[in-house]
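What follows is each chain in one-letter form.
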Amino acid sequence: LRSRVTSQTILTEVFFEEQRVRRARSPRKRGVLGSVVTMAAAAAPRQTPLTCSGHTRPVVDLAFSPITDDGFFLISACKDGKPILRNGMTGDWIGTFEGHKGAVWGATIDNAALRCATGAADFSAKLWNAESGDELQTYQHPHIVKAVDFSGDAKRLLTGCNDKGIRCWDVGSTEAPVVTMTGHTGSIKKAIFDTTEQLCISGGDDKSMRVWDIRTGSEVKRVDLNAAVTSMELSRDGSTLTTTHGSTITFWDPKSMEKRSEKKAEAPAYTASLHPDKRTFVWGGLDNMLHVCNYETGDQLEEYKGHFGPVHCVRYSPDGEVYASGSEDGTVRLWQTRIGIDYGLWRFAQSTESDPK
């Protein structure tokens, strides 16, 4: 998959430049994957999301890779059973991982963007080569796997299962997990390593979050909530844990699990992501909208409509210039953080800045 990225990117950029010149007199007002979005000089810049097609059923999880020498990448998990890897800046399709026999509920990329992991309804998690698309390992489970997360060195894989257990695997061995952590009384929605990687944090349908010592498999701390956890994100610097549950977006200190702040949303919130600079966050949910809010005050700054179904997942890119959303409508959409800046496929006739990349 990734071995063709460089040549594909060069050809794509040439094609996009030709299309931009050809269509300069007739600016596009909708973002469609594979076309440069050019706005007229007289028009005030406005949010024009790029629509990334390819899935046929609801998109339920997203993950960006860190920035690598080859750029950064985006993987999406979908109920159609075929996770897709894309260019993180443009949304361009790179490849589809084929091998699961059921809905894929979770997906992630390692820090080097060399391997991906997915969890699915076929009672398995799978490890993939992100460059070739080959399936490397299959980790069998007793029930549906909805959460996957790599350790920083990608030598361990964390999985969360509907059997209420969290498992830590040595990625090189599929015989049995290194440790299994039990205590939740409902299905596991999310499970992630903390920055020490000696602990992990999980959230489930039992309206609780729990911290576990991976070395012993014992529960270290429990936080009870008023609703089931629907999403969980640890900031890349490890300083802030963002969760959604019910109609609440909450920010936590991941070391103490003390609440820092929270926002009561106007609709059930299914997902939220904190910008890398921690000035804003974006959330989505049952109302089909994307809401951008001030992190310090919780005040809403912007809201955007584009999806035709509830928003199940949203994540900021590692450079903070875009955020990706996945929806019940079966699409992934890319949205600009700074509207009016030339970036990726977005071109503005009167841009204040050029594409930083």
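Worth saying up front: this structure is predicted, and the values here are computed from it rather than measured.

(A) Expanded view of the pattern of salt bridges. Overall, the coordinates contain 17 salt bridges when judged by the stated rule. Across the pair Arg156 and Glu197 runs a salt bridge, and its minimum N-O distance is 3.9 Å. Taken together, the positions of Arg156 in strand β13 (residues 156–161) and Glu197 in the loop between β16 (188–193) and β17 (199–204) put the pair 41 residues apart, joining distant regions of the chain. Close ionic contact of Glu262 with Lys259 constitutes a salt bridge, the shortest N to O distance being 3.1 Å. Given a relative accessible area of 35%, Glu262 falls into the partly exposed group. You can call Lys259 partly exposed: its relative accessible area is 47%.

(B) Broad picture of the state of the cysteines. If you walk through the whole model with that rule in mind, you get 0 disulfides. Here Cys168 is not cross-linked by a disulfide; its sulfur's nearest cysteine counterpart is in Cys200, at 7.5 Å.

(C) Main features of the environment of Val171. The residue Val171 is located in the loop between β14 (165–170) and β15 (179–182) in this model. Residues Val171 and Arg156, 15 residues apart in the sequence, show an inter-C-alpha distance of 5.3 Å. Among all residues touching Val171, those that are not within four sequence positions of it are Arg115, Leu127, Gln137, Tyr139, Phe150, Ala154, Lys155, Arg156 and Leu157.

(D) Expanded view of the confidence of the model for the protein. When pLDDT is averaged along the protein, the result is 89, and 85% of the positions lie at 70 or above. Below pLDDT 50 for its whole length, residues 2–33 participates in 50 contacts with residues either more than four positions away or in separate chains.

(E) Just the sheet that holds β13, in detail. Read from one edge to the other, the open sheet built from 4 strands follows the order β12-β13-β14-β15, with strand pairing classed as antiparallel. Edge strands, defined here as strands with exactly one partner in the open sheet, are β12 (145–150) and β15. Between one strand axis and the next, the sheet turns through 20° on average, direction left out of account. When β12 meets β13, the two strands line up antiparallel, connected through 5 bridges. Its bridge partner being in β13, Asp149 is matched across the sheet by Leu158.

Thresholds, definitions, all that
- Residues numbered from 1 in each chain as written.
- Predicted model: local features only at pLDDT ≥ 70, side-chain atom pairs only at ≥ 80, totals over all residues.
- Heavy atoms only, no water.
- Salt bridge = Lys/Arg side-chain N within 4 Å of Asp/Glu carboxyl O.
- Helix = DSSP H or I, 4+ residues; strand = E, 2+ residues; numbered from the N terminus.
- Buried < 20%, exposed > 50% of the residue type's maximum accessible area, 1.4 Å probe, protein only.
- Disulfide = S-S within 2.5 Å.
- Contact = heavy atoms within 4.5 Å.
- pLDDT = per-residue confidence, 0-100.
- Pairing = 2+ DSSP bridges.
- Axes fitted to C-alpha atoms, helices over the stretch in contact; angles between N-to-C directions.

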